[in-house]
Each structure stands twice: as structure tokens, then as C-alpha cells.
Amino acid sequence: MAFEVIMPKLGVDMQEGEIIEWKKAEGDTVTEGEVLLEIMSDKTNMELEAEESGVLLKITRQAGEVVPVTEIIAYIGEAGESISTSASETVTEVADPVEAAVVAPKVEAPAVVAATPQNHGGKVRATPAARKLAAEQGVDLGLVPGTGANGRVHKEDVENFKGAQPKATPLAAKIAADKGIDLATVVGTGARGKITKEDVLALVAPAVVAEAVQAPKAEEKPAKELPEGVEIIKMSAMRKAISKGMTHSYLTAPTFTLNYDIDMTNLMALRKQVLEPIMNKTGLKVTFTDLIGLAVTRTLMKEEHRYLNASLINDAQEIELHKFVNIGIAVGLDEGLVVPVVHGADKMSLSDFVVASKDVIKKAQTGKLKAAEMSGSTFSITNLGMFGTKTFNPIINQPNSAILGVASTVQTPVVIDGEIKIRPIMALCLTIDHRIVDGMNGAKFMVDLKNLLENPLELLI
């Protein structure tokens, strides 16, 4: 029996995924655990592994397509195996119920072979389709005998396990639910009385035919002509995720931004001193973002600044205080913005931070970030200084309570001990969620951060 490959739901908020590249072609042999394709979930590229061994019989959705979660994108089975109509049912097949009721062939469900009981002491082996159906119907997969290899539970096993529930194909159940038909009143013509879509459509079709006869089809409106020089493109999955996240943050959190000037003289001198030793130790070049990130981490670990390292939870009714620091570093790509996370920054030396930050930034730039490497930040940094930006108001990366914007460093005349001198001055912009942090607390944080950046030897202690 052909195994369905579906677009997985990789997160609570994930509604769809974009297929980036198929690593296998139709007719290729596939081994369980082998990478089958690459998808983009929100802003994360993920490699999807095959959960069955066999032959890639058919690819139903191609690279570049955006597919809703749990929708079938391919089939894996035995060489030469045909994909049955019942196996390839999708909701789109009922666009014209009348035609479906007239011309769709009756398809019998496959016979159930001897089942292998599940081992309750370990992980239940089941296909994604089986897990989805079990979740929808409230079935404990551990109780379902699996008919697949090594006792793997298939979708049909879950359907057949429902006992007193009328046995029906998923599409039949979907049509019945949409049309308000009680499956208990439908006589199934499939194998062992399983209800097929044709059985449900037989009840729906007469009314549809009558409606179709009485009401002529509405004329299709011609496509709207665009003015010359105008092009309309679809939003990518990443752009949709950015749009959703930024809109939520902007409309949810009442924010304000504090701007401070930092004399970079000593920090620039320190970077020059540690550049070669860290390069020799790690093979990587320390950047000002690394130094700022470590300075932010050390400042956040002070008890008086714990609310800058916090999150609002439970509908903003509680504050989650973190006794660790996970620094998110915004990385701009041609397709959009991602925020990889340096986890456990509070336990790192400068060289450790350089290695960890370069690792996640490189993964972000090459599209290899895993979901875990983009989640769990407690504070974020975004740097636009390399573009000459003088000041800006960064938008908080929810659920963080603040984000630090790094602007450009400019040679600036300043008064020191009554004399005018030229110093490299960098602007820092701290945007704060006023629901958690007040202006005075934010200012105290920035004073301590400014002091550490201007006296940076403490970073090496």
C-alpha cells in the first residue's frame, strides 16, 4: 500500500510550508530516514526525512509551491505499485460533486492483514497520516494494532480501529461533515461496508443537480488588467512569517526607545588586541557584534536588570524571568530577516561566543537553521551600523521584553576635560516593552551597558 508523504506541521503556528527542493525524483529508491525534500516553515529551512522505505511513486506538489500542513505532497510504495483512488483522495476532488457522483469509480478499501500489536514500552511507530487522523478522532495510537512493517500504524489501521464508529474514507467523512450528513445514516458500499465519497455524494448529488439546473453558472469575471509597469507577486512563506510577527509585536506591545552614545575608543582597542589570539584559537574573527553581544549578556545577568531578560506569558498575565541569557542576533537575507539564537550565552567566554555566534549566523545565511536554533531567545540584537544608520527604532522580537539596535560608529567631536576631541561614537537604540519595563529601569540598564562597553576589560575577566 502506498504511503502518504504529507506537509508536516512543525510548530503550533505553522499553517503552510513552501517546498524548496526535492532531493529525490519520481522512480528513485528511498530509504527510511533519508532526506526526501527541503521545505521552508515560516522562516526556517528544514530537511524532511522519509518515514518509509520504498520507491518515490509520485510527487503531487512541486518545488516552489506553498502547501497547507497535512496535505499530501508525495507517495512512497513498492516498485510498480499504482496509487489507488482512495489513497489519493483530496478535498479538491469534490469541486464538482455532480460529476464526481456520476463518473467516479467505486474503489474498495484494501483488506486488513494480520496486525502487529504496538510495544507500549517504546515509541509508537506510525505514519504522519495515521498520527493526524488519530489526533482528530481522539484515538490512542498505542492501542492500535499496526499492519505495516515492524508494526507501523497506517491511516487505515486507525480508521479500522474506531469500532462502533462508521468506517469511512477521510474524504467521505469530510464531505459528510461539510454537508451536515450523519455517517450513521449512510450505507457503505466499500469493502466491509466502508463508506466512500461516492456513498455520501449519492445523497448530496440530487440536491446539487436541482440547484445546478435552476441556477445558471455565474460568468467568470475577466482578470483585472494591471497598469503598465506594475507586477504582482505572492508573498513567500518567510515574508508572511515576518509580516505576521512584526504586526503582532507592533500592535501588542506599547514600546519606547532609549538612545545612547557610546565612546568606542577602548572597545576598538580591545578588539585589536584580542583579534589575533582569538583567530589563532578559533579560526574566526571577533566582531563588534560579538563584543556587544557578550557585554549585553553580562549586563542582563545582573539581578537589577532581570526584567530586561523576561517574557510575558499566559495572555500577558504573568512574567517569565530567565536566569540564563539566550541572545538572538538578527541576520538580514535577500529573502527576509531571521533571528538565530546563541543559547547559553551567560556561560560563555568571548571566544566561546565568537564560535557560537558565527555558527548560527552561517547557518542562517546558508538556509540551514533548525527550528530550535531560531527559538528560545530572551533578548535580541539587531545591527544596522554597517549601512551608516545613525539611529532607528527596532521592533521587539516577541516574546522578548526588549531589543537593542546598534547604529553606526561616527568620528564625532566631543568635550573631554574641557577640551574638544574627536572620538568614535556609536549609537545604541534600546526598544522596550512598557508592559514589563519602565523608562527608569531601561535607562539604568543602558548606563551599565555603556559603562561596560567603554571599559571593556571586564569582558575578559
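Residues numbered from 1 in each chain as written. Predicted model: local features only at pLDDT ≥ 70, side-chain atom pairs only at ≥ 80, totals over all residues. Heavy atoms only, no water.

By the naming in an unreviewed UniProt entry, the protein chain is Dihydrolipoamide acetyltransferase component of pyruvate dehydrogenase complex, taken from Streptococcus hillyeri. Listed in UniProt under the heading Cofactor (unreviewed entry), the comment for the protein chain reads: "(R)-lipoate". (UniProt positions renumbered as here; feature names shortened; annotations may be inferred.)

This next bit is on the overall build of the protein chain. Counting secondary structure elements, the protein chain contains 10 helices and 18 strands. Expressed as a percentage of its 461 residues, the buried residues of the protein chain come to 43%. Taking the intrachain contacts of the protein chain between residues at least 6 apart in sequence as the baseline, contacts between residues at least 24 apart amount to 61%. A total of about 24800 Å² of accessible surface is found on the protein chain, and carbon and sulfur atoms cover 54% of it. (Helix = DSSP H or I, 4+ residues; strand = E, 2+ residues; numbered from the N terminus. Buried < 20%, exposed > 50% of the residue type's maximum accessible area, 1.4 Å probe, protein only. Contact = heavy atoms within 4.5 Å. Areas by Shrake-Rupley, 256 points an atom, 1.4 Å probe, with all protein chains shown as cover.)

Of note, the amide linkage connecting Gln398 to Pro399 takes the cis form, showing an omega dihedral of 5°. Along the chain, the position of Pro399 falls in the loop between strand 16 (379–383) and strand 17 (402–416). A positive phi angle, near 55°, is found at Asp315, a position not held by glycine. Relative to the helices and strands, Asp315 resides in the loop between strand 10 (310–313) and strand 11 (318–321). The exposed category is assigned to Asp315, whose relative accessible area is 73%. Of note, Asp417 is a non-glycine position whose phi angle comes to about 55°, a positive value. By secondary structure assignment, the location of Asp417 is in the loop between strand 17 and strand 18 (419–433).

In spatial order, the strands read 1-8-6-3; together these four strands make up an open sheet with antiparallel pairing. The open sheet has two edge strands, strand 1 (3–6) and strand 3 (29–30), and neither has a second partner. Of the strand pairs in this sheet, strand 6 (residues 54–59) and strand 8 (residues 72–77) are connected by four bridges, and their pairing is antiparallel. Residue pairing for strand 8: Ile59 is matched across the bridge by Ala74. (Pairing = 2+ DSSP bridges.)

Moving on, we get to the packing of aromatic side chains. For the structure on display, the rule yields one aromatic pair. Plain terms: the ring middles of Phe379 and Phe445 are 6.0 Å apart, the flat faces sit at 45° to each other, and that makes the pair tilted. Placement of Phe379 in strand 16 and of Phe445 in helix 10 (residues 439–454) is noted, with a sequence separation of 66 residues between them. Both residues of the pair, Phe379 and Phe445, belong to the buried class. In this structure, Arg271 packs its charged tip against the face of Phe288, placed 5.1 Å from the ring centre. (Phe/Tyr/Trp six-rings, centres within 6.5 Å; stacked < 30°, edge-to-face > 60°. Lys NZ or Arg CZ within 6 Å of the ring centre and 35° of its normal.)

A few words now on the pattern of salt bridges. Within this structure, the stated rule accounts for 15 salt bridges. Notably, a salt bridge pairs Lys240 with Glu16, separated by 2.9 Å at the nearest N-O pair. Taken together, the residues Lys240 in helix 6 (residues 237–252) and Glu16 in strand 2 (residues 16–22) connect sequence positions 224 residues apart. Overall, Lys240 belongs to the partly exposed group, its relative accessible area being 35%. Two residues, Lys347 and Asp346, come together in a salt bridge whose shortest N-O distance is 3.4 Å. Here the salt bridges do not stand alone but share partners, grouping Glu21, Lys23 and Glu38 into one network. (Salt bridge = Lys/Arg side-chain N within 4 Å of Asp/Glu carboxyl O.)

Our focus in this paragraph is the sheet that holds strand 15 (residues 341–342). The six strands lie next to each other as 9-18-17-16-12-15, forming an open sheet whose pairing is mixed. The sheet terminates laterally at strand 9 (255–263) and strand 15, the two strands that pair on one side only. Here strand 17 pairs with strand 18 via 13 bridges, running antiparallel. Following the sheet pairing, Thr409 is matched in strand 18 by Met426.

Our focus in this paragraph is the pairing of strand 10. Two strands pair when backbone bridges link them, and strand 10 and strand 11 are joined in this way by four bridges, in the antiparallel orientation. For Ile313, the partnering residue across the bridge sits in strand 11 and is Glu318. Between the antiparallel neighbours strand 10 and strand 11 lie four residues, among them Asn314 with a positive phi of about 50°.

Ranked by internal contacts, the top residues of the largest apolar core, which has 55 residues, are Val296, Phe379 and Leu404. By size, the runner-up hydrophobic cluster in this structure holds 17 residues, among which are Leu37, Ile39, Ile59 and Val67. (Core = buried A, V, L, I, M, F, W, Y, C linked by side-chain atoms within 4.5 Å.)

Mapped onto the elements of the fold, Asn400 is located in the loop between strand 16 and strand 17. Only 2.8 Å separates the side chain of Asn400 from the backbone oxygen of Ser377, close enough to count as a polar contact. Side chain to side chain, Asn400 and Ser380 meet in a polar contact 2.9 Å long. Setting aside anything within four residues of it in sequence, one finds Asn400 in contact with Ala310, Ser377, Thr378, Phe379 and Ser380. (Polar contact = N/O pair within 3.5 Å; in protein donor to acceptor, adjacent residues only side chain to side chain.)

The residue His305 is located in the loop between helix 8 (288–300) and strand 10 in this model. Beyond its immediate chain neighbours, meaning those up to four positions away, His305 contacts Thr299, Leu300, Lys444, Phe445 and Asp448.

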